[in-house]
Amino acid sequence: MDLVMRRSLSPPQFRCLQGGQDLHPREYMTAMHTRRGQAIPMVDMDRFGRLVAEGVTTVLDSTNTFDPTLEIACRALQWWSGELVKVNTYLTTKDTAGFDLHWDDHDVIVVQLAGTKSWEVRGVSRVAPMFRDAQPTLEPSDSVVWSGTMVAGDVMHIPRGYWHQATRADRLDSGAEEDYSLHVTFGLEQRTGVDWISWLTDQAREHEIFRQDLDRNAEASTMDRLVDELTRLAASHRPEDFLTARQRVQRPSRHRYTGSTFGAPTTVACITEFRPELHIAEDGSVAVVAAGRRIRFAARALPALRLLLSGHPVVVQDVTTATGVNAAGVVQTLLQENICGEVGEDLLSGYTDLLIGAHS
């Protein structure tokens, strides 16, 4: 409740549903007016509280932008999967039904945090469906893959295209004691061959032949040359090249960098969307490749770089002590190039909350 009370939110990022249907925002939203006349959209906590008491499903999209623990969890999944990840939060109270039977155009990992919720998962009715597709996928599959109740701590993976629905309408029949369910879904946005082809079009802009006007009266040999050039372009820019390039150029999301205005940073962490690459040259120098950057360091910096780019929060002085390298200079470069970010208490809690028994 505090998560939505203390932030400016508006649909569709924040939604409320009853009976599987979206409620009009006026039933749970309001506007806070500042002295300068600015209207800031906010959740009306009185109306929202009544909906919670009646029975409602609420959805908060991209919760990782608000919660440090979920931010770190998404980054960890991105480093593991090589795909961009976001997380949505779902709160359902009483015996309210959730979304109707549907499928997603990406894989989801469902984590039940509290309470219980009943699920039905069916097979695909079209292999590898897409959001923008050649034909719509409207008819659910009759094949039930799994049905059951998830309890706190349960995790389920639903591949792209699998039909599914969740509800608490059977909570009395199932003997559920809690009056609510809270779960999060991590969405993994996989790349497809279509994405590779779209990337190829960007590479084609570098070649004059593809920038020329298409002449419907041109000789067949001219068109054949265009096709041949496209074939050569695809052969020299393979799907694996696309996946590698995508990870290397992806810019990091929001992070904290103050330029030592409030003092030199004491704790930092790598904040790139994907794991940085370390390339060691013949002369021993090290190149860090990530976030659209390629930064070269002297060979002696390698032990410090391994710690600083581990994905864990690290104390700068500890790196200096462990490696014998003056880490402050390395850290300053990584901060300026948006490879690392400063870690405060709030962000640090995002790491420690992921580990049972961990402490700051």
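Residues numbered from 1 in each chain as written. Predicted model: local features only at pLDDT ≥ 70, side-chain atom pairs only at ≥ 80, totals over all residues. Heavy atoms only, no water.

## Here's the deal with the state of the cysteines
Inference 1: Taken as a whole and judged by the stated rule, the model has zero disulfides.
Inference 2: Just so you know, cysteine 340 is unpaired, no disulfide at all, and the nearest cysteine sulfur is the one on cysteine 270, 5.1 Å from it.
Inference 3: A residue is classified by how much of its surface remains accessible, and cysteine 340, at 1% relative accessible area, is buried. (Disulfide = S-S within 2.5 Å. Buried < 20%, exposed > 50% of the residue type's maximum accessible area, 1.4 Å probe, protein only.)

## A short note on the pattern of salt bridges
Inference 1: Taken as a whole and assessed by the stated rule, the structure comprises 13 salt bridges.
Inference 2: With its nearest N and O atoms 3.3 Å apart, the salt bridge here joins glutamate 71 to arginine 75. Pair noted here: glutamate 71 and arginine 75 are both in helix α3 (residues 68–81), with a separation of four residues, about one helical turn.
Inference 3: Take glutamate 71: its relative accessible area is 21%, and that puts it in the partly exposed class. (Salt bridge = Lys/Arg side-chain N within 4 Å of Asp/Glu carboxyl O. Helix = DSSP H or I, 4+ residues; strand = E, 2+ residues; numbered from the N terminus.)

## A short note on the packing of aromatic side chains
Inference 1: One pass over the full model with this rule turns up four aromatic pairs.
Inference 2: Aromatic side chains phenylalanine 14 and tyrosine 28 sit 5.8 Å apart centroid to centroid with 75° between the ring planes, which places their arrangement in the edge-to-face category. With a gap of 14 residues between them, phenylalanine 14 in strand β1 (residues 14–18) and tyrosine 28 in the loop between β2 (21–22) and β3 (29–33) connect regions that are remote in the sequence. Taken as a pair, phenylalanine 14 and tyrosine 28 share a single burial class, namely buried.
Inference 3: Measuring from centroid to centroid gives 5.6 Å for phenylalanine 14 and phenylalanine 48, while their planes differ by 75°, and the two rings are edge-to-face. (Phe/Tyr/Trp six-rings, centres within 6.5 Å; stacked < 30°, edge-to-face > 60°.)

## Let's talk about the confidence of the model for the chain
Inference 1: Looking at the chain as a whole, its pLDDT mean stands at 92, while 96% of the residues score no less than 70.
Inference 2: Averaged pLDDT values over the elements of the chain bottom out at 86 in helix α11 (residues 345–352) and peak at 98 in strand β9 (residues 155–158). (pLDDT = per-residue confidence, 0-100.)

## What about the nonpolar core?
In globular proteins that are soluble, nonpolar side chains generally tend to be buried together.
Inference 1: Judged by nonpolar contacts, the single largest core of 26 residues is most densely connected at Phe297, Leu305, Leu308, Leu309, Leu334 and Ile339.
Inference 2: Of all elements in the fold, only β12 (267–270), β14 (286–290), β15 (293–297), α8 (302–308), α9 (316–323) and α10 (327–336) reach the threshold of two or more residues within this core.
Inference 3: Looking at which element gives the most residues to this core, the answer is α10, with five residues.
Inference 4: Leaving out residues up to four positions away in the same chain, leucine 334 has contacts with Phe297, Leu305, Leu308, Leu309, Ile339 and Cys340.
Inference 5: Counting 13 residues, the second-largest nonpolar core is a separate cluster that includes Leu23, Val43, Val56 and Leu60. (Core = buried A, V, L, I, M, F, W, Y, C linked by side-chain atoms within 4.5 Å. Contact = heavy atoms within 4.5 Å.)

## Description of the environment of alanine 322
Inference 1: Within the secondary structure layout, alanine 322 lies in helix α9.
Inference 2: Between the C-alpha atom of alanine 322 and that of leucine 347, which follows or precedes it by 25 residues, the distance is 24 Å.

## Let's talk about the sheet that holds strand β17 (residues 340–342)
Inference 1: On the basis of which strands lie adjacent, the open sheet formed by three strands has the order β16-β12-β17 and antiparallel pairing. Since the sheet does not close on itself, it has two edges, and those belong to β16 (314–315) and β17, each with one partner.
Inference 2: Sheet topology note: the β12/β16 ladder contains two bridges and is antiparallel. Its bridge partner being in β16, threonine 267 is matched across the sheet by valine 315. (Pairing = 2+ DSSP bridges.)

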